[in-house]
Amino acid sequence: MKKNFLFLTFILLNFSRTTNAAKSQRIINGDKATMGHFPGQVSLQRRDGSHYCGGTLVTLDTVITAAHCFDKLNIKSNKWSQVKVVGNVLVAIERGFGKLQTRFARFIIIHPKYKASIVLNDIAALKLFKKFAKSKYFHPIVYSEKRFPIGHQCNVSGWGDTTGNYENKQMSPNLLYVNIFVLDPSHCSGGEYVFFDSNKQYCAGIVEGGKDACFGDSGSGFTCSGILAGVVSYGIGCAEPGMPGVYTDVTYYLDWIRQIMTWNRSTPIRHVLIEYKNDARRSLQSCPNVAFALFCLLLNMFNLC
């Protein structure tokens, strides 16, 4: 059986973002981050080493990211059969700097109510085979248990595109960040924001434009006062005036996040998208129960699904 494995390289600070229409994933007009500035930041990378999404470490073996980061996941593709997660670095392509930490993901868990067509409930988690080693500059961060108020200054960081040009993206080799603000939900209503849900999402950015997350920053943390408040979900273009970003509000998903953080194999869980065991691929495409999950695994053994 051909072995495909998810090799996650968690990069210590923040990164990517996409959407259905004009999906954005980069930091526009950002400043360079310093070591330890975003201690929970991780980078999700394909087998070829290219960065595609960010994430946030909430326990030493749990990463919170965006569900849409896996919309196009093809585990039969050589490009996707290995995904790196790097920690404790400022430069995504850096070699030999600091004490890099690399881990394998065992599970990709998509929220059961995620709706790709409207980018709603856009949250996912990765469970790792082995815990990361906690360090001064790289460690889990706490998540918010209450919403931050309108006007609060927050941060978003990543290694995404810095041009805003979808056709000619230029990913940043350095971890960048911008300061943005929680905005009134009215800034994300109507038009392109028709499916925005103020109960589940933050509207955040700079009203005048000029600074934003964008292509390649999806899944990264939206942090306020050093606390994980949200997840980079989508935007209409990048850093455009009057077009703020949309961030999944983690406080709405607290019960689900806590379940993931404490989950072990003895507790049934829905919507395990992929399980990697002993470096071998096991696809559990939204299996609703254990019996069906075993059926899926048997089909995979004979390459029937």
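All values derive from a computational prediction rather than experimental measurement. (Residues numbered from 1 in each chain as written. Predicted model: local features only at pLDDT ≥ 70, side-chain atom pairs only at ≥ 80, totals over all residues. Heavy atoms only, no water.)

### Here's the deal with the overall build of the chain
In terms of helices and strands, the chain carries 2 helices and 16 strands. For the chain, with 305 residues in total, the buried portion stands at 57%. Surface summary for the chain: the accessible area is close to 13,100 Å², and the carbon and sulfur share equals 54%. (Helix = DSSP H or I, 4+ residues; strand = E, 2+ residues; numbered from the N terminus. Buried < 20%, exposed > 50% of the residue type's maximum accessible area, 1.4 Å probe, protein only. Areas by Shrake-Rupley, 256 points an atom, 1.4 Å probe, with all protein chains shown as cover.)

### Section: the pairing of strand 10 (residues 176–182)
Most of strand 10 is tucked away, with 5 of its 7 residues classed as buried. As paired elements, strand 2 (residues 31–32) and strand 10 share 2 bridges and run antiparallel to each other. In the sheet register, Asp31 faces strand 10, and the bridge partner there is Tyr177. Sheet topology note: the strand 10/strand 11 (residues 201–205) ladder contains 2 bridges and is antiparallel. Across the sheet, the residue bridging to Phe181 is Gly205, located in strand 11. (Pairing = 2+ DSSP bridges.)

### A closer look at the side chain of Thr248
Assignment of secondary structure puts Thr248 in strand 14 (residues 245–249). Excluding its chain neighbours within four sequence positions, the residues that come into contact with Thr248 are Asp122, Ile123, Lys200, Ala229, Gly230, Val231, Ser233 and Tyr253. (Contact = heavy atoms within 4.5 Å.)

### Observations concerning the pattern of salt bridges
As enumerated under the stated definition, the model contains 4 salt bridges in all. Asp61 serves as the salt-bridge partner of Lys127, at 3.5 Å between the closest nitrogen and oxygen. Taken together, the residues span a long stretch of sequence, with Lys127 in strand 8 (residues 124–128) and Asp61 in the loop between strand 4 (51–59) and strand 5 (62–65) at a distance of 66 residues. Here Asp61 falls in the buried class, since its relative accessible area comes to 18%. (Salt bridge = Lys/Arg side-chain N within 4 Å of Asp/Glu carboxyl O.)

### Looking at the state of the cysteines
The full count for this structure, using the stated rule, is 3 disulfides. Note that Cys53 is cross-linked by a disulfide to Cys69, the S-S spacing being 2.1 Å. Taking the sign of the S-S torsion, about -95 degrees here, the bridge from Cys53 to Cys69 comes out left-handed. Of this pair, Cys53 sits in strand 4 while Cys69 sits in the loop between strand 5 and strand 6 (84–87); the two residues are 16 residues apart in sequence, bridging distant segments of the chain. Cys69 sits in the buried class, given a relative accessible area of 6%. Cys154 shares a disulfide with Cys224; S-S distance 2.0 Å. The disulfide joining Cys154 to Cys224 has a torsion of about 100 degrees about its S-S bond and is therefore right-handed. With Cys154 in strand 9 (residues 153–158) and Cys224 in strand 12 (residues 221–224), the pair connects residues that are 70 residues apart, well separated along the chain. Each member of the pair, Cys154 as well as Cys224, is classed as buried. (Disulfide = S-S within 2.5 Å.)

### Notes on unusual backbone geometry
Positioned with a positive phi, Val119 is a non-glycine residue whose angle comes to about 50 degrees. With respect to the secondary-structure elements, Val119 resides in the loop between strand 7 (101–110) and strand 8. Owing to a relative accessible area of 6%, Val119 belongs among the buried residues under this scheme. At Asn121, a position not held by glycine, the phi torsion is positive, near 55 degrees. By secondary structure assignment, the location of Asn121 is in the loop between strand 7 and strand 8. Looking at Asn121, the relative accessible area reads 4%, which means it is buried.

### Overview of the pairing of strand 7
In summary, the side chains of a regular strand alternate between the two faces of the sheet. Of all 10 residues in strand 7, 8 are buried, a share of seventy percent or more. Note: strand 7 against strand 8, 5 bridges, orientation antiparallel. When the sheet's bridge partners are listed, Ile108 is paired in strand 8 with Leu126.

### Looking at helix 1 (residues 254–262)
Taken together, the buried positions of helix 1 are Leu254, Trp256, Ile257 and Ile260. Viewed along the axis of helix 1, the buried residues span an arc of 160 degrees, placing them on a single side of the element. For helix 1, the exposed residues set more than 90 degrees away from the buried face come down to Asp255 and Thr262. (Arc of directions from axis to C-beta.)

### Observations concerning the confidence of the model for the chain
Averaged over all residues, the pLDDT of the chain equals 76, while 66% of them reach at least 70. Residue range residues 278–305 is modelled with pLDDT below 50. Its contacts to residues more than four positions away, or to other chains, number 46 contacts. (pLDDT = per-residue confidence, 0-100.)

### Topic: the nonpolar core
The biggest cluster of nonpolar side chains holds 40 residues, and the ones touching the most others in it are Ile64, Phe70, Ile108, Ile110 and Ile257. The element best represented in this core is strand 7, accounting for 5 residues. Residue contacts for Ile64: discarding those within four places in its chain leaves Gly55, Thr56, Val58, Ile123, Ala124, Ala125, Gly219, Leu228, Val231 and Ile257. Ranked by size, the runner-up nonpolar core spans 17 residues in total, among them Val182, Ala204, Phe222 and Val232. (Core = buried A, V, L, I, M, F, W, Y, C linked by side-chain atoms within 4.5 Å.)

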